[in-house]
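Coordinate inspection notes
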Amino acid sequence: MPSPDRTPNMARMSRDCEVIVIARGADDVMRPLTQPDEHRQWHQCFEPIPGMDAWAIDFWRLNWSGLLPHLEQLPWPIPGSVQVLLRDQDDECFGLWMMHEGKLKEVPLPCTVREADDVAPLGSMLTRTDRDGCSAASAAPAA
């Protein structure tokens, strides 16, 4: 069951959301999500990205409220390789979620901030803070 802090106001409006799942060796796990299933909370199907251990989906309605909890409970062959990129229509860039202790946790990205927004499905919008440069970028080690 989704936690309330992850899915506030999910039924309020129509929204676009793009999701990419990356997971090594997960063809068998993701195969059912590439097929229609009337029992899922969403109706669209993931599409495999050729040549990669990745799948993408574009939600054009606000019907993906159970997606992150659903992905959490799948039997991933290599849980540490699971990465979920998610961009809601008002986000300025993709957010990154990774498996940690059996749960998908958002990983903070440099030069971004998640700002509260009661209309956004996750309860917040991801915005970039590097319009005038990013101190995190200058702190990166030299190659």
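Residues numbered from 1 in each chain as written. Predicted model: local features only at pLDDT ≥ 70, side-chain atom pairs only at ≥ 80, totals over all residues. Heavy atoms only, no water.

**Structural notes on unusual backbone geometry**
Positive phi, close to 55°, is recorded for E101, a residue that is not glycine. Inspection of the secondary structure puts E101 in the loop between β5 (95-100) and β6 (103-107). We note that C111 has phi near 65°; this positive angle belongs to a residue other than glycine. Take C111: its relative accessible area is 13%, and that puts it in the buried class. (Helix = DSSP H or I, 4+ residues; strand = E, 2+ residues; numbered from the N terminus. Buried < 20%, exposed > 50% of the residue type's maximum accessible area, 1.4 Å probe, protein only.)

**Here we look at the sheet that holds β5**
Spatially, β2-β3-β1-β4-β5-β6 is the arrangement adopted by the six strands of the open sheet, whose pairing is antiparallel. The two strands at the open ends of the sheet, each matched to only one other strand, are β2 (47-48) and β6. (Pairing = 2+ DSSP bridges.)

**Some points on the packing of aromatic side chains**
Scanning the model with the defined rule gives one aromatic pair in all. Plain terms: the ring middles of W42 and F59 are 6.4 Å apart, the flat faces sit at 90° to each other, and that makes the pair edge-to-face. You can see W42 sitting in the loop between α1 (27-30) and β2 and its partner F59 sitting in strand β3 (residues 54-59), a full 17 residues away along the chain. Residue classification places F59 among the buried positions, given a relative accessible area of 0%. (Phe/Tyr/Trp six-rings, centres within 6.5 Å; stacked < 30°, edge-to-face > 60°.)

Geometry only, nothing functional implied.
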